[in-house]
Amino acid sequence: MRILFVFLLMSAAVFGQDEPADSVVFPDDFFGRYTGKLTIDNGNNVQEIDMSFELSATDQEGVYNYVLGYQGQPPRQYLLKTVNAEKGLYQVDEQNDIILDARLNDWTLTSIFEVQGNLITTREEFFTDGRMIFEITMVQTAAPVLTGGTSDEIPEVKSYPIRVVQKAFLTRRD
């Protein structure tokens, strides 16, 4: 845990925002079309594909276009809906009866959901200089690795080996 905490502190220092937080408005200050390469690593091989992400206004207050594009596939037209901006609560509406809860913290929008035995974490980290990091991590929930549980002071811990990591460094192309 100490190593993770130190890593998080170092990451914040390296990737820190370049504007005061109170002068930045989410999502408005991050509108645009971002493009780059998505790296997909499943532990056995790594591939790279073109990717795009678009965030833009709609005619509905608190509802935004949230579009993902992957090489060779039609764009995925989602909506980002504000639930409570002050608390950083949003939803990603896939417009097919699937709605994913999301939370914004320090310009990073995170969702965690489970589908078909896979636990998936998505992160979109926005920077005020027109960059963003898009990341998806997937684990299978069926076969956790169990450790600990040897006493009242040491609880059982379930660890889920990571099966797939998708990561892209995207740049806004307004």
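Whatever comes next refers back to the structure up there.
Keep in mind the model is a prediction, meaning the values are calculated, not measured. (Residues numbered from 1 in each chain as written. Predicted model: local features only at pLDDT ≥ 70, side-chain atom pairs only at ≥ 80, totals over all residues. Heavy atoms only, no water.)

K.L.:
Requested: an account of the overall build of the chain, with residues and values cited.
P.N.:
Along the chain, the regular secondary structure elements total 1 helix and 12 strands. For the chain, contacts bridging at least 24 residues in sequence account for 37% of all contacts bridging at least 6. In the form shown here, the chain has an accessible surface area of approximately 11,300 Å², with 52% of it arising from carbon and sulfur atoms. (Helix = DSSP H or I, 4+ residues; strand = E, 2+ residues; numbered from the N terminus. Contact = heavy atoms within 4.5 Å. Areas by Shrake-Rupley, 256 points an atom, 1.4 Å probe, with all protein chains shown as cover.)

K.L.:
Can you break down the nonpolar core residue by residue, with the values?
P.N.:
Counting residues in each nonpolar core, the largest one holds 32 residues, and the members touching the most others are Phe53, Tyr66, Leu80, Phe126 and Phe134. Leave out the neighbours within four places in its chain, and phenylalanine 53 touches Gly32, Arg33, Tyr34, Tyr66, Val67, Leu68, Phe126, Met132 and Leu170. (Core = buried A, V, L, I, M, F, W, Y, C linked by side-chain atoms within 4.5 Å. Buried < 20%, exposed > 50% of the residue type's maximum accessible area, 1.4 Å probe, protein only.)

K.L.:
Tell me about the packing of aromatic side chains, residues and numbers included.
P.N.:
Across all of its chains, the model carries 11 aromatic pairs by this definition. Ring geometry for phenylalanine 30 and tryptophan 107: centres 5.7 Å apart, planes at 45°, overall tilted. Here tryptophan 107 lies in the loop between strand S6 (99–105) and strand S7 (108–115) and phenylalanine 30 lies in the loop between helix H1 (2–14) and strand S1 (32–41), a separation of 77 residues in the sequence. Assigned by exposure class, phenylalanine 30 and tryptophan 107 land together as buried. Here a set of aromatic residues connected by ring pairs shows up, and it is made of Phe26, Phe30, Tyr34, Phe53, Tyr66, Tyr78, Tyr90, Trp107 and Phe126. (Phe/Tyr/Trp six-rings, centres within 6.5 Å; stacked < 30°, edge-to-face > 60°.)

K.L.:
Describe the sheet that holds strand S9 (residues 131–140), naming the residues involved and giving the relevant values.
P.N.:
Spatially, 10 strands are ordered S1-S2-S3-S4-S5-S6-S7-S8-S9-S12 in a closed barrel, and the strand pairing comes out antiparallel. With direction set aside, neighbouring strand axes in the sheet form an average angle of 25°. Bridge count between S1 and strand S2 (residues 46–57): 10 bridges; the pairing is antiparallel. Residue pairing for S2: threonine 35 is matched across the bridge by serine 52. (Pairing = 2+ DSSP bridges. Axes fitted to C-alpha atoms, helices over the stretch in contact; angles between N-to-C directions.)

K.L.:
Talk me through unusual backbone geometry; I want residue IDs and the actual numbers.
P.N.:
Note the cis peptide between phenylalanine 26 and proline 27, where omega equals 0°. Within the secondary structure layout, proline 27 lies in the loop between H1 and S1. You will see that glutamine 95, though not glycine, has its phi angle at about 60°, which is positive. With respect to the helices and strands, the residue glutamine 95 is situated in the loop between strand S5 (89–93) and S6. Positive phi outside glycine occurs at glutamine 116, with the angle close to 50°. When you line up the elements, glutamine 116 lands in the loop between S7 and strand S8 (118–126).

K.L.:
Tell me about the pairing of S2, and please be specific about residues and values.
P.N.:
Counted along the chain from S1 to the antiparallel partner S2, the turn is 4 residues long, and its residue glycine 43 has a positive phi close to 90°. The sheet contact formed by S2 and strand S3 (residues 63–70) spans 7 bridges and is antiparallel. The residue bridging serine 56 from the neighbouring strand is asparagine 65, located in S3. Hairpin geometry of S2 and S3 is characterised by an intervening segment of 5 residues between the two adjacent antiparallel strands and by a positive phi of about 75° at glycine 62.

K.L.:
Lay out the pattern of salt bridges with the relevant residues and their values.
P.N.:
Scanning the entire structure with this criterion turns up 5 salt bridges. In this structure, aspartate 50 engages lysine 37 in a salt bridge whose closest nitrogen and oxygen atoms are separated by 2.6 Å. Taken together, the positions of aspartate 50 in strand S2 and lysine 37 in strand S1 put the pair 13 residues apart, joining distant regions of the chain. With a closest N to O distance of 2.9 Å, arginine 123 and glutamate 125 form a salt bridge. Using a relative accessible area of 24% as the deciding quantity, one classes arginine 123 as partly exposed. In this structure, a network of salt bridges that share partners links the residues Arg123, Glu125 and Glu135. (Salt bridge = Lys/Arg side-chain N within 4 Å of Asp/Glu carboxyl O.)

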